[in-house]
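Overview (structure and organization)
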Amino acid sequence: WFNPKPRMIVEIGGGLGYVAQELGKELLPFEKQGLTYCSLDITRPFLKRQVFRAKAGGWNVAGTQANGEWLPFADNSVDLVIANENMADMTPAKLSKHELSSGIGQTAQHQEALDWIRRARLPIGTDLPEEVIFNLGPIRFIAELWRVLKPGGHAFLSEFGIDEGWPAPVKLPGHTEYDVQYSHVRQASRWLGFQERYLSLPQF
């Protein structure tokens, strides 16, 4: 993953910053020379902690407060993106059976979700429930990765999710997350042009 040497690494939603800190400790100072590690988070207190721990890992670090669904980077400007356990926090869209059948959304957000399903030819099955959750945020994120990554760039994404069916809410202390539907994310990735590899966490 470090050959060729990246110049710009972006970590999305890095929590308390341990990935940056531990990753930095694994590399020698000359390996990190000329390289910027950018922590991006929507929450400022977390971002401050991420920058602090990235510096402790020896990185030349930048902190950016932003939403991962709309990355504030120029096209083809990033070598490597790391996103560990945050796609489930991204925007869900609750779609009705009628919307999925007709392709017409009741809101602009729902229409955006339906347009993604149509364009990327995402599998929705035939036995549709009355309502489904669609991972709109993760699909937006994948599209942004395609835009900002340099040709030959890489993204490492890890998240809990499902291979079949529709995402379900997962209630955690203080907030609710949603399963990531892997087959949708993988199909959208391929449609955009990515070469994707799908592994279980132990394999990774």
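Going by the structure above, here's the rest.
In what follows, the accompanying structure is described. Small disclaimer: the values here were computed from a predicted structure and weren't measured. (Residues numbered from 1 in each chain as written. Predicted model: local features only at pLDDT ≥ 70, side-chain atom pairs only at ≥ 80, totals over all residues. Heavy atoms only, no water.)

Right, let's get into helix α7 (residues 182–192). Residues Y182, H184, V185, A188, S189 and L192 constitute the buried set of α7. Looking down the long axis of α7, one finds its buried residues gathered within 165° of arc, a one-sided arrangement. In this structure, the buried side of α7 is in contact with α5 (108–119), β6 (131–134), α6 (136–148), β8 (161–162) and β11 (180–181). Looking at the residues trailing α7, positive phi occurs at G193, about 125°. (Buried < 20%, exposed > 50% of the residue type's maximum accessible area, 1.4 Å probe, protein only. Helix = DSSP H or I, 4+ residues; strand = E, 2+ residues; numbered from the N terminus. Arc of directions from axis to C-beta. Contact = heavy atoms within 4.5 Å.)

Note on placement: P72 falls in the loop between β3 (60–65) and β4 (78–84). With 72 residues separating them along the chain, P72 and E144 place their C-alpha atoms 9.5 Å apart. With residues up to four places along the chain from it excluded, the contact list for P72 reads L40, T64 and A66.

A word on the environment of N76. Within the fold, N76 resides in the loop between β3 and β4. Each C-alpha atom, one on N76 and one on P169, is 34 Å from the other, the two residues being 93 residues apart in sequence. Once residues lying within four places of it in the same chain are set aside, the contact partners of N76 are R147, V148, L149, K150 and P151.

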